[in-house]
Amino acid sequence: MAQKPSIPKGTRDFSPAEMLRRNYIFDTIRKIFSLYGYLPIETPAMENLSTLLGKYGEEGDRLIFRILNSGNFLADVSPSALSAADTSAVTRHISEKGLRYDLTVPFARYVVQHRDEITFPFRRYQIQPVWRADKPQRGRYREFFQCDVDVIGSDSLLNEDELVRITDRIFGELGINIIIKINNRKILAGIAEIAGAGERLTDITVAIDKIEKIGREGVRQELAAKGIAPGVIARLEPIIDLSGSTEQKLAVLKKAMAESASGMQGIREMEELTGYLAVEPVKATVELDLSLARGLNYYTGTIIEVSAADLPFSSICGGGRYDDLTGIFGMPGVSGVGVSFGADRIYDVMMQLNLLPEQTGSSTEVLVINFGSAELPALMKVAGELREAGIATELYPDPAKLRKQFAYADSCMIPLVVIAGSNELAAGQATVKNMKTGEQTAVPFHELTSFIRRLKTS
RNA sequence: GUGGUUGUAGCUCAGUUGGUGAGAGCGCCAGAUUGUGGAUCUGGAGGUCGCCGGUUCGAGGCCGGUCUUCCACCCCA
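Predicted model, so just to flag it, every value in this text is computed and none were measured.

So, how was this worked out
Starting afresh in each chain, residues are numbered from 1 along the sequence in its written order. Working convention: letters from A go to chains and numbers from 1 go to ligands, in the order in which they are written. At least 70 in pLDDT is required for a residue's local features to be given in this predicted model, at least 80 for side-chain atom pairs to be given and counted, and no such filter applies to totals for whole chains, interfaces and linings, which use all residues. With hydrogens and water excluded, all non-hydrogen atoms of the structure serve as input to the side-chain values. Here a strand is any run of E in DSSP of at least two residues, a helix any run of H or I of at least four, and the numbering for each starts at the N terminus. Every radius of gyration here is taken over C-alpha atoms, with the globule rule written as 2.2 Å times N^0.38, N being the number of residues. Think of it in three bands: with a 1.4 Å probe and only protein chains considered, a residue is buried below 20% of the maximum accessible area for its type, exposed above 50%, and partly exposed in between. In what follows, a contact means two residues having at least one pair of non-hydrogen atoms within 4.5 Å. Nonpolar core, defined: a set of buried Ala, Val, Leu, Ile, Met, Phe, Trp, Tyr and Cys residues in which side-chain atoms within 4.5 Å join the residues together. All domain edges in this entry derive from an automatic or database-based domain assignment. Under the rule applied, a polar contact is a pair of N or O atoms within 3.5 Å (in protein, one hydrogen donor and one hydrogen acceptor; residues adjacent in sequence only if both atoms are side-chain atoms). The pairing criterion for strands is at least two bridges between them, as found by DSSP. Whenever a helix is involved, its axis is fitted only over the stretch in contact; in every case the axis is a line through C-alpha atoms, and angles between N-to-C directions fall within 0 to 180 degrees. Charge convention: Lys and Arg are scored as positive, Asp and Glu as negative, and His as well as the terminal groups of each chain are ignored. Here, a salt bridge means any side-chain nitrogen of Lys or Arg that lies within 4 Å of a carboxyl oxygen of Asp or Glu. Residue-level confidence of the predictor, termed pLDDT, takes values from 0 up to 100. Our arc is simply the arc of the directions from the helix axis toward the C-beta atoms.

## Examining the overall build of chain A
Within chain A, the secondary structure is distributed over 18 helices and 16 strands. In summary, chain A has a C-alpha radius of gyration of 29 Å against a globular reference of 23 Å for 458 residues, an excess of more than 25%. Across its three principal directions, the C-alpha atoms of chain A cover 95 × 65 × 50 Å. Looking at chain A as a whole, 46% of its 458 residues are labelled buried. At a minimum sequence separation of 6, the contacts of chain A that also span at least 24 residues come to 69%.

## Observations regarding the nonpolar core
Generally speaking, nonpolar side chains in soluble globular proteins are found buried as a group. Counting 89 residues, the largest nonpolar core has Leu253, Phe341 and Ile346 as the members making the most contacts within it. Ignoring any residue separated from it by four or fewer positions in sequence, one finds Ile346 in contact with Ile25, Ile29, Phe171, Leu174, Ile176, Ile316 and Phe341. Grouped together as the second largest cluster of nonpolar side chains are 17 residues, Leu379, Ala383, Ala430 and Val432 included.

## Quick look at the domain arrangement of chain A
Looking at chain A, the domain boundaries give domain 1 (16-40 + 161-352) and domain 2 (366-457). The centre of domain 1, based on its C-alpha atoms, is set 56 Å off from the matching centre of domain 2.

## Here's the deal with the side chain of Ser340
Looking at the element boundaries, Ser340 is found in strand 11 (residues 336-342). Classification of Ser340 as buried rests on a relative accessible area of 13%. At 2.7 Å, the side chain of Ser340 forms a polar contact with the side chain of Asp148.

## Points about the sheet that holds strand 16 (residues 440-444)
Spatially, five strands are ordered 13-12-14-15-16 in an open sheet, and the strand pairing comes out mixed. The open sheet has two free edges, formed respectively by strand 13 (393-395) and strand 16, since each of these has just one partner strand. Adjacent strand axes in the sheet meet at a mean angle of 25° when their direction is disregarded. Pairing between strand 12 (residues 366-368) and strand 13: three bridges, direction parallel.

## Here we look at the side chain of Asp168
Locating Asp168 in the fold gives a position in helix 7 (residues 158-174). In this structure, Asp168 is buried with no salt-bridge partner, the nearest side chain bearing the opposite charge being Lys283 at 6.5 Å. Once residues within four sequence positions are removed from consideration, Asp168 is found in contact with Val282, Lys283 and Ala284.

## Some words on the environment of Gly421
By secondary structure assignment, the location of Gly421 is in the loop between strand 14 (416-419) and helix 17 (422-427). Overall, the relative accessible area of 3% leaves Gly421 in the buried class. Once the C-alpha coordinates of Gly421 and Asn370 are considered, the two residues, 51 residues apart in sequence, prove to be 8.3 Å apart. When near neighbours in sequence (up to four residues on either side) are disregarded, Gly421 contacts Phe371 and Glu375.

## Quick notes on the environment of Ile214
Inspection of the secondary structure puts Ile214 in helix 10 (residues 211-225). Here Ile214 is in contact with Val219 and Glu222, once residues within four sequence places are set aside.

## Comments concerning the pairing of strand 7 (residues 178-184)
Within strand 7, five of the seven residues are buried, which leaves it mostly tucked inside the rest of the structure. Pairing analysis gives seven bridges linking strand 7 to strand 9 (residues 302-308), with the strands arranged antiparallel. Paired with Ile179 across the two strands is Ser307, which belongs to strand 9. Here strand 7 runs beside strand 8 (residues 285-288); their pairing, made up of four bridges, is parallel. Looking at the pairing, Ile179 lines up with Thr285 of strand 8.

## Comments concerning unusual backbone geometry
Trans peptide bonds make up the majority, and among non-glycine residues the majority have a negative phi. Along the chain, Phe120 connects to Pro121 via a cis peptide bond; the corresponding omega equals -5°. Topologically, Pro121 is positioned in the loop between helix 6 (104-113) and strand 5 (122-131). The backbone of Asn354 sits at a positive phi, close to 60°, despite the residue not being glycine. Position of Asn354 relative to the elements: it lies in the loop between helix 14 (343-352) and strand 12. Backbone geometry at Met413 places phi at a positive 55°, although glycine is not the residue there. Residue classification places Met413 among the partly exposed residues on the basis of a relative accessible area of 46%.

## Section: the pairing of strand 5
Across the ten residues that make up strand 5, a large majority, nine, are buried. Of the pairings in the sheet, the one linking strand 1 (residues 39-40) to strand 5 comprises two bridges and is parallel in character. Of the residues in strand 5, the one forming a bridge with Leu39 is Arg124.

## Observations regarding the confidence of the model for chain A
On average, residues of chain A carry a pLDDT of 89, and 96% of them reach 70 or more. By mean pLDDT, helix 4 (residues 79-83) is the weakest element of chain A at 72, and strand 1 is the strongest at 98.

## Some thoughts on helix 18 (residues 448-457)
For helix 18, every residue scored as buried is listed here: Leu448, Phe451 and Ile452. Axial view of helix 18: buried residues confined to an arc of 95°, hence all on one face. Away from the buried face of helix 18 by more than 90 degrees, exposed residues Arg454 and Thr457 are located. Buried residues along helix 18 sit in contact with strand 12, helix 15 (376-388), strand 14, strand 15 (429-434) and strand 16.

## Brief notes about helix 8 (residues 185-194)
By the criterion of burial, helix 8 is predominantly enclosed, with eight of the ten residues buried. Among all positions in helix 8, only Arg185, Lys186, Ile187, Leu188, Gly190, Ile191, Ala192 and Ile194 are buried. Near the N-terminus of helix 8, the side chain that reaches the backbone nitrogen of Lys186, with its oxygen 2.8 Å away, is that of Asn184. Count one or two residues on from helix 8 and you reach Gly196, which has phi positive near 70°.

This is the structure we're talking about:
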C-alpha cells in the first residue's frame, strides 16, 4: 500500500498559477536591478560550513541546515564523543557542508575567490533560494527565495541612496505601499558607548526594538530584567523617548552622543544619506528607526528594513552595509552594501492585498479539436501554421468526444477553439469558436491566422 | 529551541457523553446530448478517519508517542 507522499516541513510546491504570479514578481525585480546596471550571478546551494558559520550570530548558526558527509562518516568520530552524545563534537566530524543561509555571505566568498576577474565597484544581483531551519509560520518558510542586490568595493553612501531608490521603485511597480526604516550600526554602538555598556549592545537594541509592542515603560522594564544597571537606563532615557522627524531625532542624538566618536560618525553618515534622499524625493516613507538593529552579525553601518504599510507583516526586505565581510575570507578593506527582497513574503503580501489577480489557467490561445487519424495531418498543419504566426496553440492529443475536448478548453480557459472535421476540410474552411461568447465563424483555411490575429487585437 | 494548536473523500468541512454498514457541499467520471464547453437532471467512483502504539467487549471521538499545519515567544526575508 503506497503511503501518502509529502514534502519536508516548511517547503512548498508551486502550481502553474502560482508560478505565473511568482515569475511576475521575479521579472519585475530583475528588470529594475538590471536597469540600475547590476549583473546576475549564481552560487551553489551548498557551501562549506567554514564559509557559513560565525557570520550570522549564535542564533543563525543554529538555523543552518547541515549536510551529512558521504561515505562512512562515523569513522572519524571518537567513541567517547558518540557515547557522550556530544552533539557539537560529533557534528564537526560528520558534516562539513551546509545549505546557504543567505546570499550575502556566499557573495563575499565569491568576491574573494574571483577578485582577479572583478572590476570594482562590483554590482551584482542574485535570485536564488536559501534555507533556514526555523520553525515555520505564516510568512516564514524553511526554503525561500531571496533577491539580493549588492555593490561591493565602494564606501560611498551614494550606494545606500541608490538601494533605497531601487527598493522604492520595485515596490512602487508592484503596487505595495511600504515604510523604509533606516538606522546605522555606528549610532547603535554610540548609544551603548555613552551608556557605558558597550558589551550589552544586543540586549539594549533588542529591548528598544520592542518599543512599539510594549511601550516605553515596557522597554525600561525589559532593560532592567536583562540586568542593565539603573544608571545606564537613565542615560538611555533621551533615546528611549526619541520622537519627531528624522532631522529632529538626529539633532537630539547629536547632543546625547557628542562623546562617542563612532556615534558621531554614524550620525554624519545618516545625515549624508538623508541629504542624498532629499535631492529627489522617493515615494515611500523613509524614517530613522533606532529600534532597528538586525541580528545579522556582519552589518557595520547603514541598516535598512522594509515593511508593508497596509499589513502588520514582518519585514519583506532588508539589508545594510558590511565593511569587512570579505576580510574573514582573506581580503580585508573592501566595503559592501546590499539589500535582499523576500520574494515569498512579497507574494504573500500581494495575495492578501489582492494585487496578484488570478491569471488564466493556460497560456494557450487556441485549441485545435482532434477528429482522429483521417483529419490529423491537416490538423497538425493548421496548428503548426498558427504557431508559426506566434499564436500559442494546442492540438488535443486524443480523438476524444467533442464534449470532452470542449470541456477541456473551458476548464483551461482557452479562449478560442478551431473545429476542422471532415465537413470543414471538404468545404475548405474551419469553424472558429469564441468560447467566451459562444459565437462561431466559418473561416477559409488560408485566412485562419489573420482572422485569429485580428480577434486577438480587438 | 520553548509553549500552544490542527489533521475525517481531490477541496471546504459535519460527525452530539466512545456503541448499528463513516456523511454533506463542491469537484471528478459517465449518461441524458454518437460534431460542441459553461446551466439542469440522472447515475457512479473515491476514505488504512495523518502515522505508530495503548486503554476498552467496542475508538473518528479517550491516553502516549511521532509527523504535519497554524499561532505566540525567539529570530528573520
